[in-house]
Every structure is written in structure tokens, then in C-alpha cells.
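# Report on the structure
Below, each chain spelled out in residue letters.
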Amino acid sequence: MEIVVVHAASGKELARLNNLSASSTILDVKKTFHKHGKKVALHRQAFRTEPKGRTLNDNEVLKSLQLSSGSTLYFKDLGPQVGWKTVFLVEYAGPLVVYLAIYWFQPRFLYGRLHADPRFPITTIAAGCWTLHYTKRLLETLFVHRFSHATMPLSNIFKNCGYYWGFAAFIAYYVNHPLYTNPANELQMKLGFLGFMLCEVGNLSIHVALRNLRPAGSTERKIPVATWNPFTSLFNFVSCPNYTYEIGAWASFTVMTQCGAAGLFAVAGFYQMAVWALGKHKNYKKEFASYPRNRKAIIPFVI
Amino acid sequence: MLQKSFTTFYLVFYNVMMTAGWSSMGLLWIQHYKNTGNFFGVYDKLHMWLKVVQSMAILEVLHCATGLVRSSVWLTAAQVYSRIFLVWGIIVSVSEPIVQHGTGFALLLMAWVITEVLRYSFYWLTILDMLPYLIKWCRYTFFIPLYPIGVFGELFTIYAALPYLKASRLYSVELPNAANISFSFYVYAIVTMVLYIPVFPMLYCHMLRQRKKILGNKTTKSN
């Protein structure tokens, strides 16, 4: 059958695709469209059944979308794309390098002649926690996460790296500063450290649970629920407990180091993750009629 | 329906009050010049007006956030913030003649008074569907010289204040301290000046595009 490809924004007809059947998928459409005109890369192609409708998934079948011969599909070019894995690896490797470099070298251009010697133990512990956090993130990117989309816009890599690397330098500057003030309270440092560790384990638990929720190679979506792992019981209260644990980790890090810069990072992260969590929570409720009603998005009982 | 009448009344009231506030500053300035023959030195006469009226503009951010006015919250917040920074952060905070009675202040005040009287008038006249073409034309034309003049005045004023900010360590926090954080308002002011370089052309071009869109048809018609 024949599909007419129209540019979503301008309404201009771009191509007429033949050699498609009712059982063809959107991926088949993309492969066919790739041979026409500007030969747009598959990852840059987005198709919709309405000009401003949702982007169709690669595995959706033309027949189930009520498309027949002569039907129109609307096309949008997503612009230069970069792989999710690539972005994650770059944006998480930076903070490791930046923080540890500042910790180890106490660079002249930052601290002048001042030098922390001996250092407070908590400064070294903080460097250890930081390393643990970002190493965990890198390993999760390689071995745990399963991504729904393969790519994201190229400009994101600059935006994301600016955020992560920038805050890494900002926090590292203060925690490793020769004029760093040790928290007066030993209990505070211990509780902060304990909180941090528990939240790291919690965050990892959620990531693993989410991975196991979706069989390999599928894009099936299910309601996440608590598993045998007690850390996943947070699912009973929120839709995105991984974000809850992440905020908990950075709030704990702030308490442990008594550092305003870390506090600002925690607040910034909270804001962004709250926006994401509210979106995901809304999608879950829309998608599953039986979604648990008492769940919040990110903070139990609150939001 | 009642809600619509109330919101219309509120917006007309707000914009009329702001027009009156900025006009008062303009009139005080004219009066000052008539009395003293001096174009400068008017800050002492109108500083209360400037503080109150410019601070009221914070409401405009709320108007956007609540959907009362269809405009970008972030854009409005950025513009209002830059004014608040200048008025409260620089002009009010640094009581030096070069800052409060200097050329920079005179230039920015002139630009602000004319622009704001036009802008707020444009708004309430539009809401009441009584907008004369002349006001629309002025609003979208006067900015062409006034915007650069105002920016020059603003940069001049911040620059003049810098030595005082550095020496007095105003609004700044130094290490060591219990929160392990530091902030230099002096550095912040310099960064603000640097940001004018990318931001001003962006906003100026945006206004030029708006002008073409809104006045474009009329000028070709009259030709």
C-alpha cells in the first residue's frame, strides 16, 4: 500500500512511500523514507498520525493505527541526535574527574598558596562518597538501565554536561578548600554518611527493580511494585522512588559535609526530578486504570 | 463572567497605576530641571517612587504565572529581576554621587521612564480596546534608540559602583564560615555586566522582529 508523508509543520508533501503493507511497522516506514530525498537518518525521524500528535513507536503496526493505502503520516525531523548511553557516560565521567582532580591536587589557580594539610577526614570521606555515586551511575548506565528511546537531541549533551560538571567543580571547590570548616558535630557527620549510603543502596535497588520489570528487548510497560528487597517498599508510597532516594542522598551529603554548595545542588536536583516525577506519575495514572490511588509522585504523602 | 470583569478591572487598574507612577517620576524630573537648571541629581527627589514603582513590577511575574497575562514567566522574571538588581542592588545600595547622580543614572532613568509610560499605556488602552495607532507605533519604535541608551546607562552605573562593592564587600560572604559557601557580590556584578553581551542583542532582535510583525502591515499599507 502507499503512504503519503507530509511535513508536520509546513503541510508540504515530502514523499509517497510504496512497498509497504498493512503489517508493516513504523520502523519499516522509516527505512523506506530514508531512501527518499535528504536520506534522513532513522533516529532523526519522527512520525505521527496527526500533525501535533504523539510520536509513534518503531514497533507500531500500520494496520493497528488505522492506516490504509493513501493515508498520511506526518513527519518531523528531530535534529542531530546522540545516543543516550554516550550522553550518560560523558556527563557522569566528568564529575568524577573534576572532583577528584580538585581533591587531589588542590590546584594553585583555585586556592593560591593555601593548602589543606592535614585534611579533615570528612573531606576524604566526601571524596569517597562522590566517587561511589558517580561510579555507580556509570556502571548502571553500562549494565542496568534499559532505555525506551535510543537517542536524544545533540544539544542535550552540552546542557547536561554543563550542569553536572559545573556543580561538580562548585561543590569540590568548597569541600576541598583549605579554609573548609569541619562540621562541629560528629553525630551529624555519621548520620549524613549513613543516610547517604542507605539512599545509594535504595536508588540502586529501584533501578534494578525497574530493569527487571521490563523483559529484555521489549518495550512493555507495567506498574512498578515492591519486591523482596525492602528498599523497594518505597514503591508503595511514590511512583519514582529512585528520585526520592537521589534527593535523600544529596540531602545527606549536604548534612555530612555541612556545605551550602551541596545544598544548592540538592535543591536544583530536587526541582528537576520533581518535574520529571510529576510527569511520569501522570503518565502512569493515564496508562493504567488500576494504578494505586494513594501513591504520590516523589515525596511520600506530599507531592 | 463576573470573574472576567474583575480580572479586566484589576489589569486596567494595575497598568493605569504603573503608568501614573512612571509619569510622576518623569514630571518630578521636569520640575527638578525647571527649579535647578540641573539635568542630574534628581535621585534624591524621586528615589521613593523608583523603589516602590519598580518593585511593584514583581506582580507582573505573578500575572504570567497565574495565566492572567499570556506571556513567558521566565522572560518576565528575567526582565523584572534585572531592574530589581539595578535599583536595589546597585543604585540604592551604593550611595555615591557617581552612581546616584551620574550620567549613567540619568540615561537609564530617561530610557526607563519613556519606555515604561509607553508600555503600560499600551497595555491598559489595549485591554479597553482604545489603543490609538500612535501609541502602538511609539511603543514599537522608541525602543530603537532608547534600548541601547538604557543599556549604556545601566552598564555605566554598575561599572561606577564596582570599586565601592569591592572595597565594602557589600552583600558578600567569605570563607571560612560554618556553611562552607562564599559569595562575592562584586564578582556577581561583573558577571552580570558580561551577560549583557549575549543577552542584549537577543532581546533587541526579538523587539525588532515584534515590530516587523505588529507594525509591518500598517507601514506597507500607508505606502
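For the structure, see preceding data.
As the structure is a prediction and not an experimental result, all values here were calculated from the model. Residue positions within a chain follow its written sequence, with the count starting from 1. Each chain gets a letter, beginning with A, and each ligand a number, beginning with 1, in the order they are written. The predicted origin of the model limits local features to residues at a pLDDT of at least 70 and limits the giving and counting of side-chain atom pairs to 80 or more, whereas totals for whole chains, interfaces and linings rest on all residues. Note that water and hydrogens are dropped before the side-chain values are worked out from all heavy atoms of the structure.

## Topic: the overall build of chain B
The cut-off we apply is this: Strands here are runs of E lasting at least two residues and helices are runs of H or I lasting at least four, both read from the DSSP assignment and numbered beginning at the N terminus. When a residue's accessible area, from a 1.4 Å probe over protein chains only, is under 20% of the maximum for its type it is buried; when over 50% it is exposed; and in between it is partly exposed. A positive count includes Lys and Arg, and a negative count includes Asp and Glu. His and the chain ends are not counted in either. By convention, the point assigned to a charge is CZ for Arg, NZ for Lys, CD for Glu and CG for Asp.
When its secondary structure is counted, chain B shows nine helices and zero strands. When its C-alpha atoms are laid out on the principal axes, chain B stretches across 60 × 45 × 35 Å. Here chain B holds 223 residues, and 38% of them are scored as buried. With 17 positive and 7 negative side-chain charges, chain B shows a spacing of 13 Å between the two charge centroids.

## Describing the pairing of strand β1 (residues 3–7) of chain A
Residues and elements named next belong to chain A. Formally: Being paired, for any two strands, means DSSP has found at least two bridges between them.
Of all five residues in β1, four are buried, a share of seventy percent or more. In this sheet, strand β2 (residues 13–17) lies alongside β1 in antiparallel orientation, the contact comprising four bridges. Across the sheet, valine 6 pairs through a bridge with glutamate 13, a residue of β2. By the bridge criterion, five bridges tie β1 to strand β4 (residues 71–77) in an arrangement that is parallel. The partner of valine 6 across the bridge, within β4, is tyrosine 74.

## Details of helix α4 (residues 73–91) of chain B
Residue and element names in this part refer to chain B. What counts is decided by this rule: Expected span of a helix, by definition, is 1.5 Å for each gap between consecutive residues, and there is one gap fewer than residues. Polar contacts here mean pairs of N or O atoms no more than 3.5 Å apart (in protein, one a potential hydrogen donor and the other a potential acceptor; neighbouring residues in sequence count only if both atoms are side-chain atoms).
Here α4 contains 19 residues, and its C-alpha end-to-end distance of 26 Å stays within 8% of the 27 Å for a straight helix at 1.5 Å per residue. What α4 keeps buried is the set Thr76, Val80, Arg83, Ile84, Phe85, Leu86, Val87, Gly89, Ile90 and Ile91. The distance from a side-chain oxygen at the start of α4 to the backbone nitrogen of tryptophan 74 is 3.3 Å, and the residue carrying that oxygen is serine 72.

## A word on the interface of chain A and chain B
Short version of the rule: It only takes one pair of heavy atoms within 4.5 Å for two residues to be counted as in contact. The quantity reported as buried area is the accessible area (1.4 Å probe) lost by two parts once they are put together, taken as the sum for both.
Taken together, the contact pairs 13 residues of chain A with nine residues of chain B. Approximately 820 Å² of surface area, both sides summed, lies buried where chain A meets chain B, with 54% of it carried by carbon and sulfur atoms. Sorting the residues of chain A by area buried against chain B places Tyr174, Leu179 and Thr181 of chain A first, and these three jointly supply 55% of that buried surface. For the side of chain A that touches chain B, the secondary-structure elements that each account for two or more residues are α5 (155–175) and α8 (260–287) of chain A.

## Some remarks on unusual backbone geometry
Across the junction of aspartate 117 of chain A and proline 118 of chain A, the peptide omega takes the value 0 degrees, indicating a cis bond. Looking at where proline 118 of chain A falls in the secondary structure, it is placed in the loop between α3 (108–111) and α4 (121–143). In this model, leucine 175 of chain B is joined to proline 176 of chain B through a cis peptide bond whose omega is -5 degrees. Mapped onto the fold, proline 176 of chain B is located in the loop between α8 (143–168) and α9 (185–222). In this structure, glutamine 66 of chain A is a non-glycine residue whose phi angle is positive, near 60 degrees. Tracing the backbone through its elements, the reader meets glutamine 66 of chain A in the loop between β3 (45–48) and β4. According to the relative accessible area criterion, glutamine 66 of chain A is exposed, its value standing at 70%. Its identity as a non-glycine residue notwithstanding, asparagine 180 of chain B has a phi of 50 degrees, on the positive side.

## Describing the packing of helix α2 (residues 43–56) of chain B against helix α3 (residues 58–65) of chain B
Residues and elements named next belong to chain B. Selection rule: Here the axes come from fitting lines to C-alpha atoms, over the contacting stretch only for helices, and the angles between their N-to-C directions go from 0 to 180 degrees. Here roughly perpendicular refers to angles of 65 to 115 degrees, roughly parallel to angles under 35, roughly antiparallel to angles over 145, and oblique to all remaining angles. All amino acids are sorted into three groups, where Ala, Val, Leu, Ile, Met, Phe, Trp, Tyr, Cys and Pro are nonpolar, Asp, Glu, Lys and Arg are charged, and the leftover types, Gly among them, are polar.
At their nearest, the axes of α2 and α3 sit 4 Å apart, and the two run at 10 degrees to each other. Relative to α3, α2 is oriented roughly parallel. Across from Gln54, Ser55 and Met56 in α2, the residues of α3 making contact are Ile58, Leu59 and Glu60. Grouping the amino acids of the contact of α2 with α3 by side-chain chemistry returns three nonpolar, two polar and one charged.

It is worth stressing that arrangement in space is one thing and function is another; only the former is reported here.
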